[in-house]
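Summary of structural features
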Amino acid sequence: MPFRIALRLLTVSLLVLTVVPSAFAQATLTGRVTDTDGQPLAGATLVVQDTYLGTSTDADGRYQLADLPTGDVTLRVRFLGFRAVTETRNLTAGANSWDVTLEADVLEQAEVVVSATRADARTPVAFTDVDRETIREQNLGQDLPMLLDLAPSVVVSSDAGAGVGYTNLSIRGTDITRINVTINGIPLNDSESQGVFWVNMPDFASSLDNVQIQRGVGTSTNGGAAFGATINLLTDSNRPEAYAEADFGYGAFNTQKYTLQFGSGLLDGRWALDGRLSRILSDGYVDRARSNLQSYFIQGGYYGDQTTLQFIHFNGAEETYQSWFGTPEAALTGDVQAKEAYADTEGLNDAQRQNLLSSDRRYNHYLYENEVDNYRQSHYQLHLTHAFQPRLTASASLHYTGGQGFFEQFRDDDDFADYGLPNLTLGNETVESTDLIRRRWLDNSFYGFVSSLIYTGPGWSLTAGAAYNDYTNDHFGEIIWAQFANGTDIRDRYYDNVGDKTDGNVFAKLNYDINARLNVFADAQVRNVTYATNGIDSDLRAIAIDEDYTFFNPKVGLNAQLTPNDRAYALVAVANREPTRTDFLDAALVAPEPERLVDYELGFERRTRNYLVAANLYYMDYTDQLVPTGELNDVGSSVKVNVPTSYRRGIELQAAARPTPKLEVQANYTFSQNKIEDFTSVVYDYTTGFDILQETFDDTDIALSPSHIAGGSVTVQAAKGLEVQLLGKYVGEQFLDNTSNPDRAIDAFFVSDLRVGFTVPNTPAKRTQITLLVNNLFDAEYSARGYTYRYVVGEEITRNHFYPQAGINIQAGLNVLF
């Protein structure tokens, strides 16, 4: 039923597009965009306000816009490093012309650092841009993934159920460890796990100018390989005038947000300083899943006519009560008999059993009052850009990230042997176990440089880049208390190992205009990765990994501007990816192999004044893909295994319409097939010892990869300053493992949110805005993520766990800009 609703939303949107009147008088607009020296600006973007029309300039700086309304039309022209121009033109029916001259802007030049890894309207890539205004409208303290939920093919979830704390994001069914994320071109993914821990960057959305999501392999970038998507974050640029801005938010589960931003404006035409302080608190939807998050952001720089030097520093500190264990299926259903069976087979003690029996869908396995994750991370970036001439620009960036923290655990009746300790003799009694509290630490550093050189010639442009990064991480565990100390001192380490990883790449990208409408794109990257780790792991195994990989990642594509309103593109891209640390450590018998992906993309989009339609076909052909088995390891990461042949293929549809100036409808829908050709499932039988049972599945579904994902919104300008928006998200059934068994699956769900924004008139502030957000408007009971494991003791026992999301809840926010 929810899926039908999602399909109806998309169908209605498409029908609206077909009946929107197009018989009104039409105008066309042509012209050229140049700098003050008369040099053409290739790739400058032109957007027509209050329509879906837009285009970019060719290598000679020329553009053409069709299907424009007559009368006053407002256009915005933008190019990186130049001051944007917004102008209202009075257009008449037929042909009109407008040549635009852009002036270099010292503040905008800082954005050049991301241009080497970004896609634009001439790049044959499926991408979505999310601007600062869209982020700000919904930013009431939830982590960044929750703000990207409506982007095509995206699925998000929250461990604590309320969007604050540990959150997860997948695109096209691929998890965050396979999505390349950069901030101002600097890699963000943790080098060993290749994951992104958004909780370490509280309220980072408040410091963003925009986000670009490239689906598929995308263009060459820095850091880990893009095996499902790329997320490119650009921090907010310095503002030309001094300002102060305050955000306050409060809502369900005692969720609170306090943010103060400030800026000096441009001083002496050359210098600027901006900053942010934030604190976010939440009790979480799941029991005890509280979060205490603090952060700050500061940037300052020198902005010359040809040279900019920008320093950025941000820091995040988080303390979150652990909730990554999830909720057993028995707690979700409320079946008392199933709860008792779970407690019996999973070895729960009396307190844990009572906790389970008295619980509902908000169940949290952990009872120790300080079962917390405590981590602090600091980022430093130094960006230098220089324009040698209008056609040649270079950028170089240095970066350093340092992180340190632990998660603390109470352990009930653990064996001394698990910590390398001898048994304890008390009189005539031998004690083999003890209650204890342990901390498992990470102490890491990440540093390196990225650089690029961009040259624009007549009819072509070339971008070359190079990067090198080094990562070191010390993993160790401490016993900070034990019922029976047994000769140990506080903070004695029971394991210690160090991992070191280097990652270097060089790439070159060429855009060549075959003619005014056809552009060829070529991109080649060579990437070298070394990884070594040695020492004693948490299970007291000696580990010694020493690997060296060299990957060649070519890409080639075509972009065709069929008409001023219609664009088509095609791309073939290759990506290779090394295994993660956990892939090595969790491997049962055979070391994991690197993965290879050949990605085929074919897309089309039409933009008119009143509607937009787009379709993207993709086929992602994997060799030795590492797929989740459905299980989690002892730190909550997915256990993965190589499968020789697998694929993800689908179609992504997007539609938007503005039938009246006060009403806008948007929708997207992804249908996909995510398959493993041959998969061998392993189950352990403990009935009479230890036996391994295997079963083979042909053409089976990849775990946690829904075949249907849809999103949409209806936005109404109800009155002056009052905007009402209804948002909807549908996610189809997800299998928890790779057996396509409906008994091990997450049910499909449809969830709606309602946002009301009101700009208060006639206040002393420059802007005063109140936002009310009703999450899960129809109080759906759903989970967006989960895991499973099976074993045999006489009979097969299956344990499904889910991450339930909050029911209907309300958040409110106040934003004041001075």
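1. Looking at the overall build of the chain
Check the secondary structure of the chain and you find eight helices and 45 strands. Burial status across the chain gives 58% buried among its 818 residues. Contacts in the chain between residues far apart in sequence, at least 24 positions, make up 66% of those at least 6 positions apart. Carbon and sulfur atoms provide 54% of the accessible area of the chain, an area that totals close to 32700 Å². For the chain, the distance from the average position of its 62 positive side-chain charges to the average position of its 105 negative side-chain charges is 9 Å.

2. Remarks on unusual backbone geometry
The residue Asp50 is not glycine, and still its phi comes out positive at about 65°. Within the secondary structure, Asp50 is located in the loop between strand E2 (45-48) and strand E3 (54-56). You can call Asp50 exposed: its relative accessible area is 56%. Its identity is not glycine, yet Arg172 carries a phi of approximately 55°, on the positive side. Its place among the elements puts Arg172 in the loop between strand E11 (167-171) and strand E12 (179-183).

3. A few points about the pairing of strand E9 (residues 126-131)
Two faces make up the sheet, and in a regular strand the side chains alternate between them. Only one face of E9 is buried: it carries Ala126, Thr128 and Val130, and the other face, with Phe127, Asp129 and Asp131, is open. Pairing analysis gives six bridges linking E9 to strand E14 (residues 208-215), with the strands arranged antiparallel. For Phe127, the partnering residue across the bridge sits in E14 and is Gln214.

4. Digging into a negative patch on the surface
There is a patch of like negative charges on the surface, built from Asp412, Asp413, Asp415, Asp418 and Glu432. Assignment of secondary structure puts Asp418 in the loop between strand E23 (392-415) and strand E24 (424-426).

5. Digging into the sheet that holds strand E5 (residues 71-78)
In spatial order, the strands read E3-E2-E5-E6; together these four strands make up an open sheet with antiparallel pairing. Where the open sheet ends on each side, the last strands, each with one partner, are E3 and strand E6 (85-91). In this sheet, neighbouring strand axes are inclined to one another by 25° on average, regardless of whether the strands run parallel or antiparallel. Looking at chain direction, E5 and E6 are connected through seven bridges and run antiparallel. Note on E6: the bridge partner recorded for Val73 is Arg89.

6. A few points about the nonpolar core
Counting residues in hydrophobic clusters, the biggest one holds 30 residues, and the most contacted among them are Leu169, Val181, Val211, Ile231 and Leu233. Leave out the neighbours within four places in its chain, and Val211 touches Arg118, Thr128, Asp129, Val130, Ile135, Leu148, Ile231, Asn232 and Leu233.

7. Things to note about helix H6 (residues 336-345)
Every buried residue of H6 is listed here: Lys339, Tyr342 and Ala343. The buried residues of H6 all sit within an arc of 95° when viewed along its axis, so they share a single face. Exposed and oriented more than 90 degrees from the buried face of H6 are Gln337 and Asp344. Along its buried surface, H6 packs onto strand E21 (327-328), helix H5 (329-333), helix H7 (350-357), strand E43 (783-793) and strand E44 (795-804).

8. Quick notes on the pattern of salt bridges
Under the defined criterion, the tally for this structure stands at 48 salt bridges. Between Asp236 and Arg239 there is a salt bridge; the shortest N-O distance is 3.4 Å. Here Asp236 falls in the buried class, since its relative accessible area comes to 7%. Take Arg239: its relative accessible area is 18%, and that puts it in the buried class. Salt bridges sharing partners connect three or more residues here, namely Arg132, Asp209, Asp236, Arg239, Glu245 and Arg767.

9. Let's talk about the sheet that holds strand E15 (residues 229-235)
Here five strands make up an open sheet; going across it, the order is E9-E14-E15-E12-E13 and the pairing mixed. Edge positions in the sheet fall to E9 and strand E13 (186-187), since each has one partner strand and no second. Alignment of E12 against E13, held across two bridges, turns out to be antiparallel. By the bridge assignment for E13, Thr182 is matched with Pro187.

10. Structural notes on the environment of Ile797
As for its position among the elements, Ile797 is in strand E44. The residues touching Ile797, leaving out its near neighbours within four places in the chain, are Thr345, Tyr789, Arg790 and Tyr791.

11. Considerations on the environment of Ala703
Mapped onto the elements, Ala703 comes out in the loop between strand E36 (691-701) and strand E37 (708-719). The exposure class assigned to Ala703 is buried, which follows from its relative accessible area of 2%. Counting along the chain gives 530 residues from Ala703 to Gly173, while the straight-line C-alpha distance between them is 8.4 Å. Excluding its chain neighbours within four sequence positions, the residues that come into contact with Ala703 are Pro628, Phe735, Leu736, Asp737 and Asn738.

12. Concerning the confidence of the model for the chain
Summary statistics for the chain give a mean pLDDT of 91 and a share of 94% for residues scoring 70 or more. Under a pLDDT of 50 for its full length, residues 9-23 has, in the predicted model, 19 contacts with residues more than four places off or in other chains.

13. Focus: H7
Among the residues of H7, Gln352, Asn355 and Leu356 are the ones counted as buried. Along the long axis of H7, the arc covered by the buried residues comes to 95°, so they all point the same way. As for H7, its buried residues are in contact with E21, H5 and H6. The distance from a side-chain oxygen at the start of H7 to the backbone nitrogen of Ala351 is 3.2 Å, and the residue carrying that oxygen is Asn349.

14. Some points on the packing of aromatic side chains
Scanning the entire structure with this criterion turns up 27 aromatic pairs. Taken together, a centroid distance of 5.0 Å and an interplanar angle of 75° make the contact between Tyr494 and Tyr495 edge-to-face. Its relative accessible area of 9% is what places Tyr494 among the buried residues. Given a relative accessible area of 6%, Tyr495 falls into the buried group.

15. What to know about the pairing of strand E35 (residues 663-685)
Bridge count for E35 against E37 is nine bridges, and the pairing is antiparallel. Residue pairing in the sheet places Val665 in a bridge with Val714 of E37. As paired elements, E35 and E36 share 10 bridges and run antiparallel to each other. Each residue of the ladder has a partner; that of Lys675, found in E36, is Asp701.

16. What to know about the packing of H6 against H7
Relative orientation of the contacting elements H6 and H7 amounts to 155°, with a least axis distance of 10 Å. Considering their axes alone, H6 and H7 lie roughly antiparallel with respect to each other. Remark: the crossing between H6 and H7 carries right-handed chirality. In this structure, H6 contributes Val336, Lys339, Glu340, Tyr342, Ala343 and Asp344 to the contact, and H7 contributes Arg353, Leu356 and Leu357. Of the residues that constitute the contact of H6 with H7, the class distribution is five nonpolar, no polar and four charged.

17. Re the environment of Tyr302
Looking at the secondary structure, you find Tyr302 in strand E19 (residues 291-303). Under the relative-accessibility criterion, Tyr302 is labelled partly exposed at 31%. A C-alpha to C-alpha distance of 73 Å links Tyr302 and Gly427, two positions 125 residues apart in sequence. If we skip the residues at most four places from it in the chain, Tyr302 touches Arg270, Trp271, Thr307, Thr308 and Leu309.

Rules used in this analysis
- Residues numbered from 1 in each chain as written.
- Predicted model: local features only at pLDDT ≥ 70, side-chain atom pairs only at ≥ 80, totals over all residues.
- Heavy atoms only, no water.
- Helix = DSSP H or I, 4+ residues; strand = E, 2+ residues; numbered from the N terminus.
- Buried < 20%, exposed > 50% of the residue type's maximum accessible area, 1.4 Å probe, protein only.
- Contact = heavy atoms within 4.5 Å.
- Areas by Shrake-Rupley, 256 points an atom, 1.4 Å probe, with all protein chains shown as cover.
- Lys, Arg positive; Asp, Glu negative; His and termini not counted.
- Charge placed at Lys NZ, Arg CZ, Asp CG, Glu CD.
- Pairing = 2+ DSSP bridges.
- Patch = residues over 30% accessible without salt bridge, like charges linked within 9 Å, V, L, I, M, F, W, Y side chains within 5 Å.
- Salt bridge = Lys/Arg side-chain N within 4 Å of Asp/Glu carboxyl O.
- Axes fitted to C-alpha atoms, helices over the stretch in contact; angles between N-to-C directions.
- Core = buried A, V, L, I, M, F, W, Y, C linked by side-chain atoms within 4.5 Å.
- Arc of directions from axis to C-beta.
- pLDDT = per-residue confidence, 0-100.
- Polar contact = N/O pair within 3.5 Å; in protein donor to acceptor, adjacent residues only side chain to side chain.
- Phe/Tyr/Trp six-rings, centres within 6.5 Å; stacked < 30°, edge-to-face > 60°.
- Parallel < 35°, antiparallel > 145°, perpendicular 65-115°, else oblique.
- Left-handed = near helix turned anticlockwise from the far one by under 90°.
- Nonpolar A, V, L, I, M, F, W, Y, C, P; charged D, E, K, R; others polar.

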